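Letter by letter, the chains look like this.
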Amino acid sequence: IVAGTKLLVPLPSGAGGAILSPGSPPYGVDLKISSQGDLVLTGKSGGLAQVYGVECLRQGIMNRLMTHAGEVPGAPTMGMPMLIGEKQLASSIGTLVLAMESQLLSDFRVDAVADLSVDEGAGVIEIKATVSPFAGTPFDVIHEEKVVS
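Definitions and cut-offs
Residues numbered from 1 in each chain as written. Predicted model: local features only at pLDDT ≥ 70, side-chain atom pairs only at ≥ 80, totals over all residues. Heavy atoms only, no water. Helix = DSSP H or I, 4+ residues; strand = E, 2+ residues; numbered from the N terminus. Buried < 20%, exposed > 50% of the residue type's maximum accessible area, 1.4 Å probe, protein only. Areas by Shrake-Rupley, 256 points an atom, 1.4 Å probe, with all protein chains shown as cover. Core = buried A, V, L, I, M, F, W, Y, C linked by side-chain atoms within 4.5 Å. Contact = heavy atoms within 4.5 Å. Pairing = 2+ DSSP bridges. Axes fitted to C-alpha atoms, helices over the stretch in contact; angles between N-to-C directions. Phe/Tyr/Trp six-rings, centres within 6.5 Å; stacked < 30°, edge-to-face > 60°. Lys NZ or Arg CZ within 6 Å of the ring centre and 35° of its normal. Salt bridge = Lys/Arg side-chain N within 4 Å of Asp/Glu carboxyl O.

Enquirer: Lay out the overall build of the protein chain with the relevant residues and their values.
Expert: Along the backbone of the protein chain there are two helices and seven strands. Taken from the N to the C terminus, the helices and strands of the protein chain come in the order β-β-β-β-α-α-β-β-β. Burial analysis of the protein chain (149 residues in total) assigns 29% to the buried set. Surface summary for the protein chain: the accessible area is close to 9,300 Å², and the carbon and sulfur share equals 57%.

Pasting the structure below:
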């Protein structure tokens, strides 16, 4: 597989995206993606690694937060707003906090979001939240957004 290769993943007839069926791992299964956004290969055969369970949920959340709104064709509401060139103002911070909460809650595997907090640094806004999945232990999510101060 090389950059730009289209990868088709078969789904059962009538399925319209991520599904969880009886007997499937909680939170689903997905292809594993590296922190650089590349597919992860396994072993010498070069097969594609997969993530299961809560790691699948974590990866889905991070992909959603690292995506800018409008980047995914057919999903215009997926992703965070672009704030490149905006000054670090209270309105920008409020926009990011609301967008992060909205993105987290838009994942059907997330039951609740709590403890949203903001830490402002030089040119970086860090937003933290605690995510409660529909089953299992809550976990923290941290998203950083670069802005001009």
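Enquirer: Hey, could you go over the nonpolar core for me, with residue numbers and the actual values?
Expert: Nonpolar side chains in soluble globular proteins tend to end up buried together. With 20 residues, the main nonpolar core has Ile61, Leu65, Met100, Leu104, Val131 and Val141 as its most contacted residues. Within the residue set of this core, elements represented by two or more residues are α1 (53-66), α2 (90-105), β5 (110-121), β6 (124-133) and β7 (139-146). In terms of residue count, the dominant contributor to this core is α2 (six residues). Aside from chain neighbours lying at most four places away, what touches Val131 is Ile61, Leu104, Val110, Ala112, Pro138, Phe139 and Val141.

Enquirer: Let's hear about the sheet that holds β7: which residues, and what values?
Expert: The strand order β5-β6-β7 describes an open sheet built from three strands, whose pairing is antiparallel. A single partner strand is all that each edge strand has here, and the edge strands are β5 and β7. Looking at each pair of strands side by side, their axes are set apart by 20° on average, direction ignored. Taken together, the nine bridges between β5 and β6 define a ladder with antiparallel strand orientation. Within the sheet, the bridge partner assigned to Glu120 lies in β6 and is Ile125.

Enquirer: Mind laying out the side chain of Arg64, listing which residues take part and the relevant values?
Expert: The residue Arg64 is located in helix α1 in this model. Excluding its chain neighbours within four sequence positions, the residues that come into contact with Arg64 are Met78, Gly79, Met80, Gln103 and Ser106.

Enquirer: Break down the packing of aromatic side chains for me, citing the residues and quoting the values.
Expert: Within the structure shown, the criterion is met by one aromatic pair. When the centroid spacing of 4.9 Å and the interplanar angle of 45° are considered together, the rings of Tyr27 and Phe134 count as tilted. With a gap of 107 residues between them, Tyr27 in the segment before β1 (29-31) and Phe134 in the loop between β6 and β7 connect regions that are remote in the sequence. Given a relative accessible area of 43%, Phe134 falls into the partly exposed group. Arg58 extends its terminal NZ or CZ atom over the ring of Phe139, reaching a point 4.2 Å from the ring centre.

Enquirer: Can you tell me about unusual backbone geometry, naming the residues and giving the values?
Expert: A positive phi angle, close to 55°, is found at Asp115, a residue other than glycine. Looking at the secondary structure, you find Asp115 in strand β5. According to the relative accessible area criterion, Asp115 is exposed, its value standing at 60%.

Enquirer: Could you give an account of the pattern of salt bridges, with specific residues and numbers?
Expert: Opposite charge on two side chains permits pairing when their charged atoms draw close. Here the structure, examined in full by the defined rule, presents three salt bridges. Notably, a salt bridge pairs Lys128 with Glu126, separated by 3.7 Å at the nearest N-O pair. Looking at Glu126, the relative accessible area reads 17%, which means it is buried.

Enquirer: So what's going on with the environment of Asp38? Residues and values would help.
Expert: Relative to the assigned elements, Asp38 resides in the loop between β1 and β2 (41-42). Owing to a relative accessible area of 46%, Asp38 belongs among the partly exposed residues under this scheme. Excluding residues that lie within four positions of it along the chain, Asp38 makes contacts with Lys32 and Ile33.

Bear in mind that shape data such as this cannot, by itself, settle questions of function.
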